[in-house]
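Observations on the three-dimensional arrangement
One letter stands for each residue in the lines below.
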Amino acid sequence: MRNLFLFTAFLASFLNMGASSAEEMTFNFIAHAGPGDPYWAVVAKGVQDAAEKLKIKVTFSAPDRPGDIAGQVQLVQAAASSRTSGIITTIPNAQAFSAPIQAAAKKGIPVIAVNSREEKRDAKALPYSAYIGQDEFASGKKVGERAIQVFGLKSGDSTVVLNHEPGVASLESRTKGITEVLKKDGIKTASLDVTSNPTKGMGIIQSYLNAHPETKVVFTLGSLGLTPAAKVLRDQKLVGKVHLTAFDLDPTALDLIRKDVLDFTLDAQPYVQGFMSVMQIYLAARFQTTPVDLNTGAAFIDKSNVEKLAKVITSGYQ
Amino acid sequence: MIRISKQELSVLLTCIALAFGFQIASHGQFFDIANLQSIAALAAEVGIVALGATMLIIGGEFDLSVGSTFALAGMTFSMLTTKGGVSAPVAMLAVFAIAIGVGFINGWITVKAKVPSFITTLGALMIVRGLVLAITGGWPVAWTDDPSAFMRWMSGDASTLWWIALAIATHLILLWTPFGNWLFAVGGNAGAARAVGIRVDRVKMSAFVLSSLFASIAGVMQFSRMSSFSPTYGEGLELEAITATVIGGTLLAGGRGAILGTVLGTILISMLSSGLIMSGVPVYWYRIFVGIILIGAVVMNKRMAP
């Protein structure tokens, strides 16, 4: 009887140990901007939901100043020298992140890149195992292809890409993707700096459309370009005559799709970026699986599916 | 009532020359009524902020926080009227109260602690912008109904009228009221002004409050125009307002300046972006032109200074 009791106690403690070892697994998620930014708030929610479902601990951290590369590198370094089970990080700068990621790899800590990475894959300098996020260039191409297909663009047609922050790598890559696809079919594209001041942007867009009334499609690259473009199309009664596309999803884009002003938007699915990166790093750390790349910039949202998504968008899943 | 100084005349002539240049380069599209109307309407926000900046610069101080105050005002108004269900006039009163608070604190710290306004308002720029980001979590606010009567009354061609009305008011204040006289005196030589019994601190603090108030009106105007407001709106606005003021001939060191010049400076900048696009010049050139005109204007002012 006593033995049986001891055996059960032993068995129980063993089972408990198994459970606690999974609970004790802690991971680090390191981003270049914090949840003060709506985009990252959604990523953080994905991270947190996945961690809750897996019963693991994931620490979300970001430098105090968004985009502070030195600060973010320090966070990655600190994580690599701690007893972490795995690191998920954005890579806004290839050179700066090479040393800490190599250090982590040497210690056998699995590393996954999320959201942004070097332009040209260099697995030797940056030995992370997979990338989960939007491939900006590929997404640009997707938008271009869909525009050709949906709007029936032909050789000789004119379009314009509105850049609200010229010089920002992700926006330039999106532009490059769009233009490459259109040029192949002989469709003309111009690029316009609409600044991040929407009122000034309105003036620029209005002047451009006055001077180029043949424009068939206006491509915007984010909310700061979309707002003034939509306003001009509505003011000038050009809705339906000039098509409008966008990237990302926020309440403004949602509203414009409902009102038939915005034809479609391509969403980078930040929630998926957070959720899936945690899932994959957990599998890699616990079962030694190999994480796989995931292009999350795959979700076109238009009138046909906007209502289904509206509810989850407002509750922070998109 | 309106005396045109040499500086203002030179800005006016530059405007006219550029307009005719654009008319030719754009194959006659520039002088289209709709285009001119849109140039004026879209210049209204920067124009109104620049009116406040001109008064403050004449008084010998700067306000770098106007872009952030603009955002705080637009955000407060949009959140109160959309999520809060508050009526537009009440929301406007709340906005004014906040703007007066920001302007008062800027002015009070500057004159009482004797901190250069460059530093005080640089700090306020970050603090107020941080507040806007913290309150909204970075999310934009969208007005999804048709624009309300108040919003229509604050945007479109009505915004041009507001700008003109406020420009006339500030012009009169500067030239026909004691406050205007004090402001010139304080900016020209604060010590001398104090010696003749002008309450320098009060005058400066009032100018700070006016600067914030004008920025807040412009912020509500941008929300009304866009039917949405993003927490990043108004970034860099302080420099645009100062640029328009300086191009218009106001002396950065204080003591001299005029509203007409600032209005012309604002129109000049607004005309440039529109004209360059219509003329088919790559838009990346816009900033280069504004920079050249800014430096050119100051050089001219120095040579023409009495």
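Residues numbered from 1 in each chain as written. Chains lettered and ligands numbered in written order. Predicted model: local features only at pLDDT ≥ 70, side-chain atom pairs only at ≥ 80, totals over all residues. Heavy atoms only, no water.

1. What about the overall build of chain A?
Put simply, the rule is: Strands are runs of DSSP state E lasting at least 2 residues, helices are runs of H or I lasting at least 4, and numbering of each runs from the N terminus. Only protein chains enter the accessibility calculation, which uses a 1.4 Å probe; a residue is then buried when its area is under 20% of its type maximum, exposed when over 50%, and partly exposed in between. Contacts: residue pairs with any heavy atoms within 4.5 Å of one another. The Shrake-Rupley method, run with a 1.4 Å probe, gives the accessible areas here. Residue values count only the displayed protein chains as cover.
The helix and strand tally for chain A stands at 11 helices and 12 strands. Buried positions account for 54% of the 318 residues belonging to chain A. Sequence-distant contacts, at least 24 apart, represent 74% of the contacts inside chain A between residues at least 6 apart. When the accessible surface of chain A is totalled, it reaches about 14,400 Å², and 56% of it is carbon and sulfur.

2. Concerning the overall build of chain B
What counts, and what does not: The globule rule used here is 2.2 Å times the number of residues to the 0.38 power, and the radius of gyration it is set against is calculated over C-alpha atoms. In this count, Lys and Arg are taken as positive residues and Asp and Glu as negative ones, while His and the chain termini are left out. Where a charge lies is defined by one atom per residue type: Lys uses NZ, Arg uses CZ, Asp uses CG and Glu uses CD.
In terms of helices and strands, chain B carries 13 helices and 2 strands. Taken over C-alpha atoms, the radius of gyration comes to 19 Å for chain B, in line with the 19 Å a tight globule of 306 residues would show. Each principal axis of the C-alpha distribution contributes one length, and for chain B these read about 60 × 55 × 35 Å. Across the 306 residues in chain B, those meeting the buried criterion constitute 53%. Once local pairs closer than 6 in sequence are excluded, the contacts in chain B between residues at least 24 apart make up 78%. For chain B, the accessible surface area stands at approximately 13,000 Å², while carbon and sulfur atoms represent 73% of it. Distance between charge centroids for chain B: 14 Å, based on 16 positive and 12 negative side chains.

3. Here we look at helix α13 (residues 286–304) of chain B
All names here are of chain B. Operational definition: Expected span, for any helix, means 1.5 Å times one less than how many residues it has. The arc in question is traced by the directions running from the helix axis to the C-beta atoms.
Taking 1.5 Å of rise per residue, 19 residues should cover 27 Å, and α13 covers 27 Å from first to last C-alpha, within 8% of that figure. Turning to α13, its buried residues number three or more, namely Tyr-286, Val-290, Ile-293, Ala-297 and Asn-301. The buried residues of α13 occupy an angular sector of 65° when projected down its axis, which confines them to one face. In α13, the exposed positions angled more than 90 degrees off the buried face are occupied by Ile-292, Ile-295, Lys-302 and Arg-303.

4. Description of the pairing of strand β9 (residues 243–247) of chain A
Residue and element names in this part refer to chain A. The line we're drawing: Paired strands, in this sense, are two strands between which DSSP finds at least two bridges. Looking down the strands as they point away from the viewer, one classifies a crossover as right-handed if the path from the first strand across the helix to the second runs clockwise.
For β9, a buried count of 4 out of 5 residues is recorded, marking the element as mostly surrounded by other parts of the structure. With 3 bridges joining them, strand β8 (residues 215–220) and β9 adopt parallel strand pairing. Note that in β9 the partner of Val-217 across the bridge is His-243. Following the chain from β8 across helix α8 (residues 223–235) to the adjacent parallel β9, one finds a crossover that is right-handed. As judged from the 3 bridges shared by β9 and strand β10 (residues 264–267), these two strands associate in the parallel manner. For Phe-247, the partnering residue across the bridge sits in β10 and is Leu-266.

5. Focus on the interface of chain A and chain B
You'll often see interface size given as the accessible area lost when the parts meet. Inclusion rule: Throughout, the accessible surface (probe 1.4 Å) given up by two parts as they are put together, summed over both, is called the buried area. Salt bridge criterion: a side-chain nitrogen from Lys or Arg within 4 Å of a carboxyl oxygen from Asp or Glu. In protein, a polar contact means a hydrogen-donor-capable atom and an acceptor-capable atom, both N or O and within 3.5 Å, with residues adjacent in sequence counting only if both atoms are side-chain atoms; elsewhere, any N or O pair within 3.5 Å suffices. Classification convention: Asp, Glu, Lys, Arg as charged; Ala, Val, Leu, Ile, Met, Phe, Trp, Tyr, Cys, Pro as nonpolar; all other residues, Gly among them, as polar.
Contacts between the two partners involve 31 residues from chain A and, on the opposite side, 29 residues from chain B. Together, the buried faces of chain A and chain B total about 2,700 Å²; carbon and sulfur atoms form 59% of this surface. Joining chain A to chain B, the criterion identifies 2 salt bridges. A salt bridge links Asp-193 of chain A to Arg-287 of chain B, with the shortest nitrogen-to-oxygen separation between them at 2.7 Å. Scanning the region where chain A abuts chain B turns up 11 residue pairs in polar contact (both at pLDDT 80 or more). Listed by contribution, the elements that provide at least two residues to the side of chain A that touches chain B are α2 (38–54), β7 (188–193), α7 (198–211), α8 and α9 (251–258) of chain A. With 11 residues, the single largest contributor to the side of chain A that touches chain B is α7 of chain A. Looking at the side of chain A that touches chain B, its residues break down into 13 nonpolar, 11 polar and 7 charged.

6. A short note on the packing of aromatic side chains
Definition in use: A pair of Phe, Tyr and Trp rings is counted when the ring centres sit within 6.5 Å of each other, with Trp represented by its six-membered ring. The angle between the planes then sorts it: under 30 degrees is stacked, over 60 is edge-to-face, the rest tilted. By definition here, charges over rings are those cases where NZ of Lys or CZ of Arg is within 6 Å of the ring centre and within 35 degrees of the ring normal.
Evaluated as defined, the whole model comprises 15 aromatic pairs over all chains. With centroids separated by 5.5 Å and ring planes inclined at 45°, the aromatic side chains of Phe-22 of chain B and Phe-30 of chain B adopt a geometry described as tilted. Overall, Phe-22 of chain B belongs to the buried group, its relative accessible area being 6%. Among the aromatic residues, those joined into a ring-pair cluster are Phe-77, Trp-143, Phe-150, Trp-153, Trp-162 and Phe-223 of chain B. Here the guanidinium or amino end of Arg-121 of chain A rests over the ring plane of Tyr-128 of chain A, the centre of that ring lying 3.7 Å away.

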